[in-house]
Amino acid sequence: MTWKRRVTDFVFRPDSDRWLSLLRFGLGAVLFIFLWSLRGDWNDLFGGSRSGLIGRPLFEALLSIQSPLIPRLGWLVALGAQIGLSEKLSLPLVWGALLAAALFLILGLYSRPAAIVAFFLQLAAAKSGGLLSYGADNLITIGLFYLMIAPLPDRWSLDWALRRRREVDPERLGFHRRILQIHLCFIYFFGGLTKCLGAGWWDGTNLWRALTIPPFDLLPIGVVASWASILPALGIGVCLLETSYAFLIWPSWSRRTILVAVCLMHVGIGLTMGMYLFALIMLVLNLAAFAPAEVASGEKPPLPEGQTADATLLAGQSLLP
Amino acid sequence: MRAKRRDSFLACFAAHLGLVALVCLHETFWLLEHGLTVVPATSSSVWQKLDAVPTAILGENLAATNPYRRAILTYTNATGIEVGYGYFAPNVPETHALVFECHYADGHVEYQSAAVRSEEAMLRLTSLVEQIGRTDYDRWREELVRRLARSTWQRHPGVVLVRALLGSVASPTIADYRAGNRKRTFKCLYVDEFKVDRSTGAPTTP
């Protein structure tokens, strides 16, 4: 088998659309939580020079230096001004449109347009937020980008029930899932590698700091101190888990262990540091990328063309991605 | 799927993930080059040479208006891949805090911080204060602090002078905590003073 054939077989491995259902529903839910939690702060975070916390135009001016083509809320506010809407009205309208897109994604109604609208508006908010944005925003953008270009609608969407579409090519579904899987491997490998390069991850100092500095100090410092003896082991565990994820998530013997461990790590981050949004988006991306198809649906994913289940098992291949 | 279509998908796949890898490599080499890791600083020149590859491909040495650089930046920003994933790495630094000393016309003084309503917005505000604390560019820091001072003044209209105190906050280490030292310390790094201009409603440097 030539290298190109091997690569093609790996990249275009047929898959069902269950992962896509999970991604669509999960991203819709994450977006909804993101918007609901910011409902009282939306105008302060994204308001103009006089009304906002910092003033959106400052961050948008910096964005323009990078590229004038990166979407931003300023475009929508300017558009609103053309039809006589003030910024005070335009910004809540953007919030409402994004919330509607999130609800449509959860239901799977007009999945593709909802994914495009959600991607564009979330990206505009993340970019106009400038220094007020953090890692979770980028990860939501990544998820929405992959959702937007994926072959929607999936079979668990209302779109499918109301307007039955033709079956999507399983190879295409597999291709889109593969991008997400490899991207996650990059995220964990480089995240783990940079942690391994910091001395504080080997002696527990970094975990101590992460759990005791505000605003991540949800746990009383006394509780964290009572864990002091296991912090070095936990820190090393995080480094090893993240770095090895890219390698151990693929073999069938280690996949479930690594997936469960990484999900537990994110649940832990959410509960002990209050980074709920970050934890949720990582859980959604991980489950969409690597959760076994039968976990989501009770079905087995389609096999490569001309291959039977027995042949696949005989060849020592896993049915899972 | 047809072979031609497959090939074009494969090319997009390689280009997109290639950019993800380059951005991550660039960030990692940068950390190594600047001696921010356990790797000895003597190897800095090696990392600098290695970093030249992603830097060149990402067009970071080109002029800000260069079309290639802008195209790369537009794509990476639009797909959320413009930064690496070294969260809380290589080390978790001390955090920063920004406190406003608000002076009222009657002479009394109150201490305030920039306020938001939700925990999610607080995480964003923390991210902002962190970056203000880490910047080496005084005018940029002062401008951001001035804007936060203005939003504080808007919530407290009686204020006539705002003194912004930006500093690092150190939590006790494990050893400190065991020795009975359980208090956080605030080390003031910068003090900026703003007088409220009644005509424009904006804080200005006196």
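Since we're looking at a predicted model, the values are computed, not measured. (Residues numbered from 1 in each chain as written. Chains lettered and ligands numbered in written order. Predicted model: local features only at pLDDT ≥ 70, side-chain atom pairs only at ≥ 80, totals over all residues.)

**Overview of the overall build of chain B**
Here is step 1: Along the backbone of chain B there are six helices and five strands.
Here is step 2: Start at the N end of chain B and walk to the C end: the helices and strands fall as α-α-α-β-β-α-α-β-α-β-β.
Here is step 3: Taken over C-alpha atoms, the radius of gyration comes to 23 Å for chain B, far larger than the 17 Å a tight globule of 206 residues would show.
Here is step 4: Referenced to the eigenvectors of the C-alpha coordinate spread, the extents of chain B come out at roughly 80 × 50 × 35 Å. (Helix = DSSP H or I, 4+ residues; strand = E, 2+ residues; numbered from the N terminus. Rg over C-alpha atoms; globule rule 2.2 N^0.38 Å.)

**Comments concerning the overall build of chain A**
Here is step 1: A tally of regular secondary structure across chain A gives 17 helices and zero strands.
Here is step 2: Taking 20 Å as the expected radius of gyration for a compact globule of 321 residues, we find that chain A reaches 22 Å, a close match to that expectation.
Here is step 3: Here chain A, with 321 residues, has 47% of them falling under the buried criterion.
Here is step 4: For chain A, the proportion of contacts with a sequence separation of at least 24, taken over those separated by at least 6, is 71%. (Buried ≥ 20, exposed ≤ 12 C-beta atoms within 10 Å, placed from the backbone. Contact = placed C-beta atoms within 7 Å.)

**Section: the nonpolar core**
Here is step 1: Among the nonpolar cores identified, the biggest contains 117 residues, and V30, L31, A101, A118, I281 and L285 of chain A are the most heavily contacted of them.
Here is step 2: In terms of residues, this core owes the most to one element, helix α15 (residues 276-290) of chain A, which gives eleven residues. (Core = buried A, V, L, I, M, F, W, Y, C linked by C-beta atoms within 7 Å.)

**So, the confidence of the model for chain B**
All names here are of chain B.
Here is step 1: Of the residues in chain B, 96% have a pLDDT of 70 or more, and the chain-wide mean is 91.
Here is step 2: Confidence, read as mean pLDDT per element, is least for strand β5 (residues 202-204) in chain B (65) and greatest for helix α3 (residues 67-78) (97).
Here is step 3: Scored by ipTM, the complex comes to 0.92, with pTM at 0.92. (pLDDT = per-residue confidence, 0-100.)

**As for the pairing of strand β3 (residues 159-170) of chain B**
Here is step 1: For strand β1 (residues 95-104) of chain B and β3 of chain B, the ladder comprises ten bridges, and the chain directions are antiparallel. Paired with E101 of chain B across the strands is R163 of chain B, a residue of β3 of chain B. (Pairing = 2+ DSSP bridges.)

**Brief notes about the interface of chain B and chain A**
Here is step 1: On the side of chain A, 60 residues touch chain B, which itself brings 58 residues to the contact.
Here is step 2: At the level of elements, α1 (3-33), α3, α4 (119-134), α5 (138-155) and α6 (174-178) of chain B are the ones that each hand at least two residues to the side of chain B that touches chain A.
Here is step 3: Ranked by residues supplied to the side of chain B that touches chain A, first place goes to α1 of chain B with eleven residues.

**Details of helix α4 (residues 56-66) of chain A**
Residues and elements named next belong to chain A.
Here is step 1: All of the buried residues along α4 are R56, F59, E60 and L63. One side of α4 carries all its buried residues, which in axial view fall inside an arc of 100 degrees. Those residues of α4 that are exposed and angled more than 90 degrees off the buried face are A61, L62 and I65.
Here is step 2: Along its buried surface, α4 packs onto α3 (42-46), α5 (73-82) and α7 (111-129). (Arc of directions from axis to C-beta.)

**Considerations on unusual backbone geometry**
Here is step 1: Here the amide bond leading from L152 of chain A into P153 of chain A is cis, since omega sits at 0 degrees, within 30 degrees of zero.
Here is step 2: When you line up the elements, P153 of chain A lands in the loop between α8 (135-149) and α9 (158-162).
Here is step 3: Cis geometry is found at the peptide bond from P214 of chain A to P215 of chain A, where omega equals 5 degrees.
Here is step 4: If you check the backbone angles, Y110 of chain A has positive phi at about 50 degrees while not being a glycine.
Here is step 5: Judged by C-beta crowding, with 18 C-beta atoms within 10 Å, Y110 of chain A ranks as partly exposed.
Here is step 6: Positive phi, close to 55 degrees, is recorded for F88 of chain B, a residue that is not glycine.

**Regarding the packing of helix α10 (residues 170-196) of chain A against helix α13 (residues 231-248) of chain A**
Residues and elements named next belong to chain A.
Here is step 1: Between α10 and α13, the shortest axis-to-axis distance is 7 Å and the interhelical angle comes to 145 degrees. The handedness of the crossing between α10 and α13 is left-handed. Residue-level contacts link C185, Y188, F189, G191, G192, L193, K195 and C196 of α10 to V238, C239, E242, T243, Y245 and A246 of α13.
Here is step 2: Class assignment for the residues of the contact of α10 with α13 results in nine nonpolar, three polar and two charged. (Axes fitted to C-alpha atoms, helices over the stretch in contact; angles between N-to-C directions. Left-handed = near helix turned anticlockwise from the far one by under 90°. Nonpolar A, V, L, I, M, F, W, Y, C, P; charged D, E, K, R; others polar.)

**Section: the packing of α10 of chain A against α15 of chain A**
Residues and elements named next belong to chain A.
Here is step 1: Contact pair α10 / α15: the axes reach a minimum separation of 9 Å and the direction vectors enclose 125 degrees. If you check the angle between α10 and α15, you find them oblique. α10 and α15 meet at a crossing whose hand is left-handed. Contacts between α10 and α15 involve R177, L180, Q181 and L184 from the first element and L285, N286, A288, A289 and F290 from the second.
Here is step 2: When the residues that make up the contact of α10 with α15 are grouped by side-chain class, the tally is six nonpolar, two polar and one charged. (Parallel < 35°, antiparallel > 145°, perpendicular 65-115°, else oblique.)

**Brief notes about the environment of A61 of chain A**
Here is step 1: You can see A61 of chain A is positioned in helix α4.
Here is step 2: Sequence-wise, A61 of chain A and W202 of chain A are 141 residues apart; in three dimensions their C-alpha atoms are separated by 41 Å.

**What to know about α15 of chain A**
Each full turn of the α-helix corresponds to 3.6 residues, which orients residues three or four apart in the same direction.
Here is step 1: Helix length check: α15 of chain A (15 residues) gives 21 Å between terminal C-alpha atoms against 21 Å at 1.5 Å per residue, within 8%.
Here is step 2: Within α15 of chain A, twelve of the 15 residues are buried, which leaves it mostly tucked inside the rest of the structure.
Here is step 3: For α15 of chain A, the complete set of buried residues consists of L277, F278, A279, L280, I281, M282, V284, L285, N286, A288, A289 and F290 of chain A.
Here is step 4: Where α15 of chain A is buried, its residues meet α2 (18-37), α8, α10 and α14 (252-273) of chain A together with α4 of chain B. (Expected span 1.5 Å × (residues − 1).)

**Description of the environment of W30 of chain B**
Residues and elements named next belong to chain B.
Here is step 1: By the element assignment, W30 lies in helix α1.
Here is step 2: Overall, the presence of 17 C-beta atoms within 10 Å leaves W30 in the partly exposed class.
Here is step 3: Considered as a pair, W30 and A71 are 41 residues apart in the sequence and their alpha carbons are 22 Å apart.

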